[in-house]
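Working through the structure, step by step
Residue strings, one per chain:
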Amino acid sequence: MDMGIAGKRALVCAASKGLGRGCAEALAAEGVDLVINARGAEALEATANAIRSAHGVRVDTVAADITTEAGRADVLAACTQIDILVTNAGGPPPGLWSDWERDDFIKALDANMLTPIALMKALLPGMITRGWGRVVNITSGSVKAPIPQLGLSNSARAGLTGYVAGTSRQVAGKGVIINNLLPGIHDTDRAIALDTAQAKAGGMTLAQARAQREASIPAQRYGTAAEFGAACAFLCSQHAGFIVGQNLLLDGGAVNATL
Ligand code: NAP
C-alpha cells in the first residue's frame, strides 16, 4: 500500500535506537525526509547514515536532550515545514509507589508529558496553516493497564493521553491528525534494562527473566521496532485521516481486555 507521504518532512525524537528508530526507518522507506534526534551524537550519526544509504532521503540530525527547553530549542531550530511529528523520549526508571518524591514526578512529567505537549504546541500551527499534519506520540501500554513498577510512567503518560484526547479533536478539522501508539514489550535496549531489573529482583538470569516475560504475552514473543515503525507510518499516512485521538496498543495481546 502506498502511504502517500513521499516528500513530506518528519521530526522523529529519540530516534537513534529502538522504537524511535523503527518509526524513522519506516517513514524514510515511504520517502519522508527526516530530522532525527537523540542525546548521543555517535549512535545518532550512525543511524542517520544507515537511513540515508538504505532509503536515499534527507536526514538531518540534532544531538540534544529533547526533555530540556534548550534541547527542544536546538531541535526546533533545525526544523522547517514539519508535516509529521513523532514524539518520544526515554522512559522513567522503575521503582515502588512509595519511592518517588515530587522531583521524581516533575522529571517524569517533563520527559513524558510536557515535552510532547511543547513539541505539538510548536509544530501544530504550521501544520494547521498548511492544512495537513500527522502527530504520533509514543506512549506506553501502561496507559491501558498500569505496570506496578512503572508508576512514574503510568502517571505522566496518562496526563499526555488526556491532553491528546482533547487537542486531537480541536485540530482534526484542519487536516491535522493526532494519535498515540502504546508499546507493550518490544525488543529494544529499554526491554533489556527492564529484564535486567526483573532478573535482579527475582534472583534469575537475564534469559530466565526474558522467558518469563515472553510467556506472559499471547504472541509468545517481544515485538520488533520494525513492526512498531510500520504502524507509525500508517498513522502518519494519507489513509489515517479519519483516525482521531486514538490509542493503538501494540502488545502481542498482553493486555487482556475486550476493548
Ligand atoms: P531505547 O531502545 O532505550 O531507545 C531510546 C532512544 O531514545 C535512544 O535513541 C536514546 O538515545 C533516545 N533518548 C532517550 N532519552 C532521550 C532524551 N532525553 N532526549 C533525546 N533522545 C533520548 O527505548 P525504546 O524501547 O525505544 O523506548 C522508547 C519509549 O517507549 C520509551 O519512553 C519507553 O519507556 C517506551 N516504552 C518502551 C517499551 C519497550 O518494551 N521497549 C514498552 C513500553 C514503553 P540517547 O540515549 O543517545 O539519547
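Note that the structure is a prediction, hence the values are computed from the model and not measured.

For the rest of this paragraph, the subject is the site of the ligand. As a matter of local geometry, the ligand sits amid 28 residues, with Ser16, Leu19, Ala89, His186 and Thr188 nearest to it. A distance of 2.8 Å separates an oxygen atom of the ligand from a polar side-chain atom of Arg39. Gly91 is positioned such that a nitrogen or oxygen atom in its backbone is 3.3 Å from an oxygen atom of the ligand. For the ligand, the accessible surface in isolation is 880 Å², of which the surrounding protein chains cover 89%. When residues of the shell around the ligand are traced back to their parent elements, those giving at least two are helix 1 (18–29), strand 2 (33–38) and helix 6 (189–202). Its residues placed into classes, the shell around the ligand shows 9 nonpolar, 13 polar and 6 charged.

Considering all chains together, one arrives at 1 aromatic pair under this definition. Here the guanidinium or amino end of Lys8 rests over the ring plane of Trp132, the centre of that ring lying 4.0 Å away.

Turning to the sheet that holds strand 6 (residues 176–183), a few remarks are in order. Spatially, the 7 strands line up as an open sheet ordered 3-2-1-4-5-6-7, and their pairing is parallel. One side of each edge strand has no neighbouring strand; the edge strands of this open sheet are strand 3 (59–63) and strand 7 (247–250). Averaged over neighbouring strand pairs, the angle between their axes works out to 15° when direction is ignored. Bridge analysis of strand 1 (residues 9–12) against strand 4 (residues 84–87) gives 3 bridges, and the strand direction is parallel. Within strand 4, the residue paired with Leu11 across the bridge is Leu85. The sheet strands contacting helix 1 are strand 1, strand 2, strand 4, strand 5 (133–138) and strand 6, and the helix crosses strand 1 at an angle near 170°. Set on the sheet, helix 5 (residues 151–171) makes contact with strand 5, strand 6 and strand 7; between it and strand 6 the angle comes to about 155°.

Conventions used here
- Residues numbered from 1 in each chain as written.
- Predicted model: local features only at pLDDT ≥ 70, side-chain atom pairs only at ≥ 80, totals over all residues.
- Heavy atoms only, no water.
- Near = heavy atom within 4 Å.
- Polar contact = N/O pair within 3.5 Å; in protein donor to acceptor, adjacent residues only side chain to side chain.
- Areas by Shrake-Rupley, 256 points an atom, 1.4 Å probe, with all protein chains shown as cover.
- Helix = DSSP H or I, 4+ residues; strand = E, 2+ residues; numbered from the N terminus.
- Nonpolar A, V, L, I, M, F, W, Y, C, P; charged D, E, K, R; others polar.
- Phe/Tyr/Trp six-rings, centres within 6.5 Å; stacked < 30°, edge-to-face > 60°.
- Lys NZ or Arg CZ within 6 Å of the ring centre and 35° of its normal.
- Pairing = 2+ DSSP bridges.
- Axes fitted to C-alpha atoms, helices over the stretch in contact; angles between N-to-C directions.
- Contact = heavy atoms within 4.5 Å.

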